[in-house]
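Report on the structure
Chain by chain, the residues run as shown.
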Amino acid sequence: MPAAFLAGFFGGTHCIGMCGAIVVLFEQQPLADTGHWIRRFVYNGGRLGFYALLGAVAGAGGAVLTKFAGVNTGLLVLRLLAGLLVIAIGLNLLFNWAATRFLEQAGAVLWKRLSPLAKYVLPVSTLPRALAAGFLWGALPCGLVYSAVAMAATSGSVTAGMTVMLAFWLGTLPSLVLAGASVERLNRWKSNRVFRAFAGFVMLIIGLLALMPARMLFASA
């Protein structure tokens, strides 16, 4: 769970690059009788709802995989996948290497089915619309999200999978809430090479640490 939080937090620049335009779109419409900060937390709460659903499915799927493939083999595959995805995000931040693009293209299949629903929640002029828009936002194809889902799959249960995605969401929350507060700050953060390099390095370390248990499982198999 700490790894999921750190991946979300230090992957913030990746989040801003992927989702910055969506945040700006949500912020364009005035929201009657409520503050802008309330709306920001509401649409991010909708995003958490979709992440929790992904975590539940991943946790259940991981439990099934470990049951039928064997605990060691199942955890080995899932940990390898999670670690490699986090490393790929780190390489993306360091070198602009779109290593997870193929996964995002695969996720686009789901997004194409859900994106037509956006016309019912845009513009984000009420809190219920903000919540629904955030839920749809969670379905946007993203390699960083998929790395967290892979971590959730290693948790072994529905509840634990949801908890992993909660930790990941908490990690991403500061960057995306602050991005909504200032478009200028968003653009500065996206172009800050030093922070991108530092975040990419941290992501590489997280990914390598995630691979260590997988290596131990492989050695004991």
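Above: the structure in question.
Read on for an overview of the structure. (Residues numbered from 1 in each chain as written. Predicted model: local features only at pLDDT ≥ 70, side-chain atom pairs only at ≥ 80, totals over all residues. Heavy atoms only, no water.)

Quick look at the side chain of Asn44
With respect to the secondary-structure elements, Asn44 resides in helix 3 (residues 36-69). Classification of Asn44 by relative accessible area gives buried; the value is 0%. Those residues in contact with Asn44 that sit more than four places away from it in its chain are Trp137, Trp169, Leu173, Leu176 and Val177. (Helix = DSSP H or I, 4+ residues; strand = E, 2+ residues; numbered from the N terminus. Buried < 20%, exposed > 50% of the residue type's maximum accessible area, 1.4 Å probe, protein only. Contact = heavy atoms within 4.5 Å.)

Some points on the packing of aromatic side chains
Aromatic rings in a pair are described by how distant their centres are and how their planes are angled relative to each other. Following the criterion strictly, the structure yields 6 aromatic pairs and no others. Look at Phe5 and Phe9: their rings are 6.3 Å apart centre to centre, the planes differ by 15°, and that puts the pair in the stacked class. Of this pair, Phe5 and Phe9 both sit in helix 1 (residues 2-10), separated by 4 residues, roughly a single helical turn. Judged by its relative accessible area of 35%, Phe5 is partly exposed. Ring centres 5.2 Å apart and planes at 80° place the aromatic pair Phe50 and Phe135 in the edge-to-face group. Within this pair, whereas Phe50 is found in helix 3, its partner Phe135 is found in helix 6 (residues 127-137), the two being separated by 85 residues in sequence. On the basis of relative accessibility, which here comes to 34%, the residue Phe135 falls in the partly exposed class. The ring centre of Trp37 lies 4.7 Å from the NZ or CZ of Arg40, which sits over that ring. (Phe/Tyr/Trp six-rings, centres within 6.5 Å; stacked < 30°, edge-to-face > 60°. Lys NZ or Arg CZ within 6 Å of the ring centre and 35° of its normal.)

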